[in-house]
Structures are given as structure tokens and as C-alpha cells.
Amino acid sequence: MAKCKTNCIERPISLAFKKFGCVVGRHPVVFLILSLFVAAGLGTGFIFLKDREANDIEDQFTPVNGPAKQERKIVEEFFPQTEEFSHLRLSSDGSYASLIITGLEGENIWTEAAFTDIIELDRQVKSITAGDTFINLCAKTKGNCVSNAILDFINYNPGEINFATIRYPVNNGVFLGTTVGGVELKTGSSEISGAKAIRLFYFLQEKNSTKNTQWLDGFLKMFSNYSDLKTVHVSHFTSMSRQNEFETNSDSVIPLFSITYFLAITISILSCLRLDCVRNKVWVAVAGVISAGLAVVSSFGLLLYCGMPFAMTVATSPFLILGIGVDDMFIMISCWQKTGVDIEVEDRLAETYKEAAVSITITTLTDVLSFYIGLLTPFRSVQSFCMYTSTALLFCYIFNITFFGACLALNGRREKGNKHWLTCMEVPKPNDDDTGNVCCVGGAYDKDTGTDSAMPMDLFFKNHYSPFLTKTWVKILLCLFYSGYLAVSIYGCFQLQEGLDMKDLATDGSYVGYYYDDEDDFFSAYGPNVMLVITDENFQYWNSDARQNLDLCLDIFHSLSIVSKDEEVSRISWLHEYLKYGQILGVNLNNETQFKQHLTAFLSVSGFSQDVNFTNNRILASRMFSQTVNIRTAVDEKNMLNAFRETADKCVKLQTSMNLTVYHPAFIYFDQYTEIVSNTIQNLVVATCAMLVISLLLIPNPLCSVWVTFAIGSVIVGVTGFMALWDVSLDSVSMINLVICIGFSVDFSAHISYAFVSSEERSVNDKAIDALYKLGYPIIQGAVSTIAGVVVLAAAKSYIFRTFFKIMFLVIMFGAVHGIMFIPVFLTFFGICSKMSRTKPETNKPPEGWNREIPRITTVMSPKLPQTNLGFIDLDCY
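If you're wondering where the values come from, they're calculated on a predicted model, not measured in any experiment.

## Let's talk about the packing of helix H16 (residues 456-469) against helix H27 (residues 764-790)
Next, step 1: At a closest axis distance of 8 Å, the pairing of H16 and H27 adopts a crossing angle of 125 degrees. Comparing their axes, H27 and H16 come out oblique. H16 and H27 meet at a crossing whose hand is right-handed. Judged by residue contacts, Met457, Asp458, Phe461, Lys462, Tyr465, Ser466, Pro467 and Leu469 of H16 engage Ile769, Leu772, Tyr773, Gly776, Tyr777, Pro778 and Ile780 from H27.
Next, step 2: Of the residues contributing to the contact of H16 with H27, the split by class is eleven nonpolar, two polar and two charged.

What follows is the structure, given as C-alpha cells:
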């Protein structure tokens, strides 16, 4: 059977690394010291950490060029903020403090006793003097501080709540939908008879940013230890609370770093532990963990020097890098153990690099590509994470072949001298009849191959697991199990929610979460009051036909299911009020001159002066408002955003001379819904195609490359489905991990497929057994080490870090299961995959004159690449 050359790329790289490994093996101390100096030098970049921190929520977790940001520019251009404050007309959230007061056990709060406590709370808030007094800082309208209308209606007298007639949702022209919650009305009336919650706002002038911050800090300090009053419970919030809580998130994971490194070192030592006091590789395992740490310090320091923003999501990166770095360490150690123990150290390291370095080069390439593809997203938090992580992976790779390689060479010299792993004192070699004192003798090896003795787990995969897996009835059961896995995953995909809930940016138990919970429970009946902005200066407001088209447009908005049908609430229109004003005065507003002549007077007395940009006798822009209802979930927010923008597009088509923009400050955050799905799909498709190309290079068999692509898709579907069932939404945080899972899918599937193809066994079952013998234990080691790197994040008090753990756990678990269960079995169903493999040679005799005392290496195992028949070791490094 004709051979297929598969090493056109691998061979030149292997030979180059073989020479480099020989150099490292001859001068390990030089590479060790040089690595430490580089890490120390670049690590000084951490002095810029505080300057590079980028924790602004809007900047990091909303699309860079989201439509709402462009809409906000339009609003701010035509309607700049004036001294007259109007919450409805703000282009941002504003600067404010807020209280939500509820009954202690959910009782009715519409009582004299409850309002006595509410008025006392109001008095205490207004008496805060941090930075300045409230009366000096408060936002004003008509020269007075903006007050809470519900308290004005009872003249700050709690007794009047029993007698005052207050209607809902509008009372005396004031909208109460966002300040009174859980409302009960009198039968057949709009009069309030009971309520479950009252919300108070305290708005500040935005021009006093420093004093505002001090006053708001004073507000938070007052309520941080505030106990419930006699009749009410209080939750509090400020305009800077969300940002403050978000910035403290990273502090919650700092203590977990020490636990992570302890776990990594422990797992590494246990994986490399041998009873032989010479062949024991405890110090090598520790060096592998240190190598990953040096990679993090160097890469982060370099990027901090370069001015790269450091987003909070980057705080999860070291956990991941540690797992991946330790995984590469296992590859190096495994390859080292398959080299002859009696040859020179530089020759052993050269052969180790010849095999392992190519393997970790390929896995590094796939993982780094996955992260660099993440830079295509419009979310800066994702871009920052991907840049730091991909750079750290590159440094991890560099330190593995320099620092760790040097440590491996030094350990090899110890082994060469048959010295004890702890005392470094030479110990006797064991005799054949030695039952042995493991503390006093050491240096045993496999006499047949001249290499370290096989690990028990390798023998388990070869003699027990693999033969069991290839039984016919086991294959049938595995196919049924896979069908169930796929069915549950697909079901979960249809349950997936979109978007990042703002309260998830705060830590568990934060006062922000309690405030948001109360808001959801009592104030979700009415949503954002959306601006409808007309920015066409050629629009003829005085033209009856133009107004008719505009009314038709407004009717379309009014007909939306998410818009209030209450005429008193559903729309706020200066134009309608102006027409009424004209009728009262008997003015013909269909005449342009009359329309413009009386407009200034109307705006000055009507309260609509901020809704019309009337400059140089031209109406440059105007705005109206549409009140939404029942916006309770992320799906509702997404549907509302899409409905308003689609309706605006319809209006533009209906009235070609009108430019219509819809906007609300919340749209800045809702924009993530329009970008997250499309960008996730884009990144997954691009990354999958890139991985397919790499797999074609690794596995020059199209059918088996298709199997690798299938495995990638299968893992993505599984992770997406199960993360939905695990209460994880699709947002900028989870999108990072979905892209990551492609790289790990390749790690676990491409190389097991290549091992199957290149196996010299004849039957498909034997090929599967051979592939699992070579790769089964390294896959388990890699999976365990990576999970150990992130498992401590499960204990974090932040949604962001817990989400990272959940998805990484799913990615590694499903990737490993595909690698050691599904893919080996599926490959046995199609014998065509083996047609490209080499036939098993009948003989493998050494060349004439070869000294049989020098051990011959028949295979060198790489955990992520299959073993290849190396023939005989070339003792000449060059």
C-alpha cells in the first residue's frame, strides 16, 4: 500500500527543535537564569496595573460601536442638558441616589405608619452633608430641588395618606409608574387603595462630579449598616453603585490564586510521582507550575508596558494559563520518559524536543488562534481577555522550551548520576532480585526498551479500558449514550437566554442585588419611556399632510404590544399639545409663519422647551416619548429594542422626508442583544474553519478531518446546551469561553484521530486501542490539570468568575469524553480512515554493527500527538 507523507510540516520543525533541545541540554543554567531575568524584567510592567485598569461597565460590556451610542450622540447634539432638570429627558442615567421602601413581610405600605417612616428616611437623606449639603447639590427645576411627587401629594404629612385621592399611573399630570409599586386600585376606579413599595429618587446636578461622589459615598455609608425601621424594609442604590461593586469583583478572586497554585503543584507532583527515588520527578513538576507562573508575569507585564487595557475579565486568565501550562509540562515529561536513560542528557532532551515541542507548538497554535479570533468581537472586555490570554499562552510556550527544558535537563543530570531526588546523594542501582528499599536504591528502568518504566495508567488504557471500549455491545450503548447527550444539548440550546443582567456584575450578597430584586418585583409593570427623535430640519410640522403621516407613524408605535394603551401615559407629544394650544388661541397652525411665531411662547409655558430645538427660526429637531410596559426579562428588553428600531425604519419609509431615531439610556446596555448572537456565531464559524485547516495539516485524510470538525461542533452544542441548563446566559463573558472550547476540542480530538490514522495496527479496533494507549492518560492529565486551574473559581462570589468555571468545566469534560470515548469508537465505524495509514512493518531490525547495549527507542509518546516510529536515536545533535 502506498505511503502518504504526513510530515512535510512536522519534520523541519522537529529537526529545528531537536537542535535547539541539544543546545538547552548542554547549557541549562544559562537558559534557566536568562528566563528568570526576562520574567523579572517584564514583570516590572505591573507597576502600571492601576493605570491600565479598565473597569467602566459601559466601555467594557457594551458593543464598541453600538447603535445606541450613535443615537445618544444625536440626542446630545440636538438636545444638550440645560439647567432645568428632567429625568425623562436625560441622555444618560444621571447622578442620583435611590431608595425602595417595602413592607417588612410584604404588607401594604399605603399606611400612615409606613409613611411616617418613609418621611423620616427622606429627612435623613436630605440631611447628609458629605461633600456638601443636598440642597446645594440637588438637581433643580424652576429654582427648587426636584422632589418626590408622592410625598408632595400628601404635603409630607403621613396622616393625609388616609384621605388623599391619588390616582395611578398618572396623578395631576405626574407619572407614578416608577415610584409606586405593587399597586392595588379601588374597584372601578384608578384611585390607589394599597401599594407594596415606594421608590424615592434624589437627583444631583451633574456639573459637581467630585462633590456628588462624596455625597453619594455618604449616602452609601449611611445605609451600609442601616437596620429596618418599625414598619418598612429599605434597599438602596446610587448611580455609581454598579460601577463600585463591579470594581471590587476582582478582589474576591485574589485569595483564590494561592489555592490554585497549591492544587496545581499537588496534582503535578501526584501525576509525576514514582516510588523510585531516582526516577521521581517531583522537582520537575514544581518547575512546570513555576514556568506557567513566569509566563503570566512576563506576558501581563509586557502588555501593561504596551498600554493594553486590563479589564476585570483578565483576572480569570491566570487560572486558565496555569492549567494549560501544566498540561504542556505533562507532554514534555511523557516524551522524556520514552527516551533512553543511558544516553547523554543533551541527546535525551534533543529527542524530547523533537517530539514534544512539535506537539505543544500545534496545541499552542490552536489555542492562540482561538483567542486571537476573539479579538474580532465588539466587546472590549472580550478583546482584553483574549489579548492577555493569547500572549500568555505564547509566553507559556516559550518558557516551556527554555526554563522548563533547562529544569528537565538539570533533573536529567541528576538521574544520569543516579542521585536521590531529595538529597541529591548518589544511591546504588537496584539488582534484579532486589525487592528493594525505595529510599536507598533507585534508577530502575525497562531493560527491554531502555526507557523509564511504563506508567500504570498507560497500561490500564492498553490492557483494560481500550479492549472494553471496542466491544460491540459497548459501542452500541455508547451510541445510545451519545444520542441522549445530543438530545439534551439541543434542548438546552433552545432554552438559552441572551444578555448580561446588570445585577450579575455585583458580588453575591451585595446591596445592589437586593435593590434590583425589589425593582424587578415591584416596578416592572412600566419600562423605559423611549424618545422618538425627529432630526430632519426640512420636516414641515405645520403641514397637515406631514402631520398626518407623523400621526400614522406614532400610531404604529402605539399599536406595539409593549407600549402602554393608556392615552394619558402612552405618548408625550409637544406637537399635539401645541395644536391644542393653537385651537385655544384661535391660531392657524397650518400656516408656517403662524406656527413658528407662536412656538417660542408655547415652549416657555408648557414645559416642552427641552423637546424642540428651535434655532434661527428653524426647527432642527424635536422629540416625543412612548411609554413601554411589562419589560421584565432580557428577552423582553431585546424584543422591545428590535420593535422600536424596526418601527422607526417603517416610519422613515412611510415619510421619506423624516429622519427618526429612537433612544433611551438603557439601550446602551440592550445593544448587547443585537451583537452577542451574531458575533458568537461569527467567531465560532471563523474559529472552526481555522481549526479545520489545522486539522487537515495534522491529519491529511479528509474524512478524519471531518470527524475532527464534527467533534468541535458536538462539543460546542453540548457546552451551549448544558450551560443554558446550568443557568448561564449567552453574554460577553460566556462568549469568551465558547470560543475557547474550539481550541480545546481540537486538542482532544484532532490528535486522537491522527493517532488512529497513523497507527501501524491492521484492524480498526486495534488502531483505537493503540491510539488510546498512547493518548488516554495524557488526555486525562491535561483535563484534570486544566480543571484544577479553574475549579477554585466555583467558590468565587462573582457571577463572572463562576460562569468562567462552569463553561470551562463543561468544555474540558465534554472535550475529554469525546477524546477518550466518542471519537475512538466512531472512527472504528469507518475503516476508510485507516487506508491512509502505514502498514505495519514485518521487521524492525537494527542496522548491522549496532551495539545492542545501547537502548533502541521504538516510539516516543506525545500526549497530544501520536507516537511516531523514530527508528534509532541519532547521537549527533547536529
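## Considering the state of the cysteines
Next, step 1: Applying the stated rule across the entire model yields two disulfides.
Next, step 2: Two residues, cysteine 553 and cysteine 651, share a disulfide whose sulfurs are 1.9 Å apart. The chirality of the disulfide connecting cysteine 553 with cysteine 651 is right-handed, given an S-S dihedral of about 100 degrees. With a gap of 98 residues between them, cysteine 553 in helix H19 (residues 544-558) and cysteine 651 in helix H23 (residues 634-654) connect regions that are remote in the sequence.
Next, step 3: Looking at cysteine 651, the relative accessible area reads 1%, which means it is buried.

## Let's talk about the pattern of salt bridges
Next, step 1: Taken as a whole and assessed by the stated rule, the structure comprises 22 salt bridges.
Next, step 2: Here glutamate 346 makes a salt bridge to arginine 26, at a shortest N to O gap of 3.8 Å. With glutamate 346 in helix H14 (residues 345-373) and arginine 26 in helix H1 (residues 10-26), this pair connects stretches of sequence that are 320 residues apart.
Next, step 3: By relative accessible area, glutamate 346 is classed as buried at 19%.
Next, step 4: You can call arginine 26 partly exposed: its relative accessible area is 38%.
Next, step 5: In this structure, lysine 638 engages glutamate 498 in a salt bridge whose closest nitrogen and oxygen atoms are separated by 2.8 Å. Taken as a pair, lysine 638 in helix H23 and glutamate 498 in the loop between helix H17 (472-493) and helix H18 (511-522) lie far apart in primary sequence, 140 residues in all.
Next, step 6: Residues participating in the shared-partner salt-bridge network are Glu71, Arg645 and Asp671.

## Focus: the environment of valine 368
Next, step 1: Here valine 368 lies in helix H14.
Next, step 2: By relative accessible area, valine 368 is classed as buried at 7%.
Next, step 3: For the pair valine 368 and serine 390, spaced 22 residues apart in sequence, the C-alpha separation works out to 4.9 Å.
Next, step 4: Excluding its chain neighbours within four sequence positions, the residues that come into contact with valine 368 are Ser390, Leu393 and Leu394.

## Details of the sheet that holds strand E2 (residues 95-103)
Next, step 1: Strand order in the open sheet formed by four strands is E7-E10-E2-E11, and the pairing between neighbours is antiparallel. For this open sheet the edge positions go to strand E7 (180-181) and strand E11 (232-238), each flanked by a neighbour on one side alone.
Next, step 2: Sheet topology note: the E7/strand E10 (residues 197-204) ladder contains two bridges and is antiparallel. Paired with glycine 181 across the two strands is alanine 197, which belongs to E10.
Next, step 3: Taken strand by strand, helix H6 (residues 112-126) contacts E2, E10 and E11, and its axis lies near 15 degrees from that of E10.
Next, step 4: Relative to the sheet, H18 contacts E2, E7, E10 and E11, its axis offset from that of E11 by approximately 110 degrees.

## Some words on the environment of glutamate 577
Next, step 1: One can find glutamate 577 in helix H21 (residues 574-585).
Next, step 2: Take glutamate 577: its relative accessible area is 33%, and that puts it in the partly exposed class.
Next, step 3: C-alpha separation for the pair glutamate 577 and phenylalanine 608, spaced 31 residues apart in sequence, amounts to 9.3 Å.
Next, step 4: Contact partners of glutamate 577, with chain neighbours within four places excluded, come to Phe602 and Phe608.

## Regarding a negative patch on the surface
Next, step 1: A surface patch of negative charge is lined by Asp51, Glu53, Asp56, Glu247 and Asp251.
Next, step 2: One can find aspartate 56 in the loop between strand E1 (53-54) and helix H4 (57-61).

## Section: a nonpolar patch on the surface
Next, step 1: Residues Phe468, Trp473, Ile476, Leu477 and Leu480 make up a contiguous nonpolar surface patch of about 550 Å² in total accessible area.
Next, step 2: Tallying contributions element by element places H17 first for the nonpolar patch, with four residues.
Next, step 3: Turning to its location among the elements, leucine 477 is positioned in helix H17.
Next, step 4: Overall, leucine 477 belongs to the partly exposed group, its relative accessible area being 49%.

## Concerning the environment of threonine 313
Next, step 1: If you trace the backbone, threonine 313 turns up in the loop between strand E12 (310-311) and helix H13 (317-337).
Next, step 2: Using a relative accessible area of 2% as the deciding quantity, one classes threonine 313 as buried.
Next, step 3: Filtering out sequence-adjacent residues up to four positions away, threonine 313 remains in contact with Phe61, Ser381 and Phe385.

## As for the packing of aromatic side chains
Two descriptors summarise a pair of aromatic rings, namely the distance from one centre to the other and the angle between the planes of the rings.
Next, step 1: This model, assessed by the stated rule, comprises 59 aromatic pairs.
Next, step 2: Seen from their ring centres, phenylalanine 722 and phenylalanine 814 are 5.1 Å apart, and the 65 degrees between their planes marks the pair as edge-to-face. Of this pair, phenylalanine 722 sits in helix H25 (residues 702-725) while phenylalanine 814 sits in helix H28 (residues 799-828), and the two are 92 residues apart along the sequence.
Next, step 3: Residue phenylalanine 814 is classed as buried on the basis of its relative accessible area, which comes to 7%.
Next, step 4: Members of the aromatic cluster, each reached through a chain of ring pairs, are Phe481, Tyr482, Tyr485, Phe710, Phe722, Phe814, Phe822, Phe826 and Phe829.
Next, step 5: Above the ring of phenylalanine 523, the side-chain terminus of arginine 199 is found at 4.5 Å from the ring centroid.
Next, step 6: Its end group placed over the ring of tyrosine 773, lysine 462 keeps NZ or CZ at 4.9 Å from the ring centre.

## Quick notes on the packing of H19 against H21
Next, step 1: Following both chains from N to C, one finds H19 and H21 inclined at 135 degrees, their axes separated by 12 Å at the closest point. Between H19 and H21, the angle is such that the two are oblique. Taken as a pair, H19 and H21 cross one another with a handedness that is left-handed. Along its contact with H19, which presents Arg547, Leu550, Asp551 and Leu554, the element H21 presents Leu575, His576 and Leu579.

Definitions and cut-offs
- Residues numbered from 1 in each chain as written.
- Predicted model: local features only at pLDDT ≥ 70, side-chain atom pairs only at ≥ 80, totals over all residues.
- Heavy atoms only, no water.
- Axes fitted to C-alpha atoms, helices over the stretch in contact; angles between N-to-C directions.
- Helix = DSSP H or I, 4+ residues; strand = E, 2+ residues; numbered from the N terminus.
- Parallel < 35°, antiparallel > 145°, perpendicular 65-115°, else oblique.
- Left-handed = near helix turned anticlockwise from the far one by under 90°.
- Contact = heavy atoms within 4.5 Å.
- Nonpolar A, V, L, I, M, F, W, Y, C, P; charged D, E, K, R; others polar.
- Disulfide = S-S within 2.5 Å.
- Buried < 20%, exposed > 50% of the residue type's maximum accessible area, 1.4 Å probe, protein only.
- Salt bridge = Lys/Arg side-chain N within 4 Å of Asp/Glu carboxyl O.
- Pairing = 2+ DSSP bridges.
- Patch = residues over 30% accessible without salt bridge, like charges linked within 9 Å, V, L, I, M, F, W, Y side chains within 5 Å.
- Areas by Shrake-Rupley, 256 points an atom, 1.4 Å probe, with all protein chains shown as cover.
- Lys, Arg positive; Asp, Glu negative; His and termini not counted.
- Charge placed at Lys NZ, Arg CZ, Asp CG, Glu CD.
- Phe/Tyr/Trp six-rings, centres within 6.5 Å; stacked < 30°, edge-to-face > 60°.
- Lys NZ or Arg CZ within 6 Å of the ring centre and 35° of its normal.

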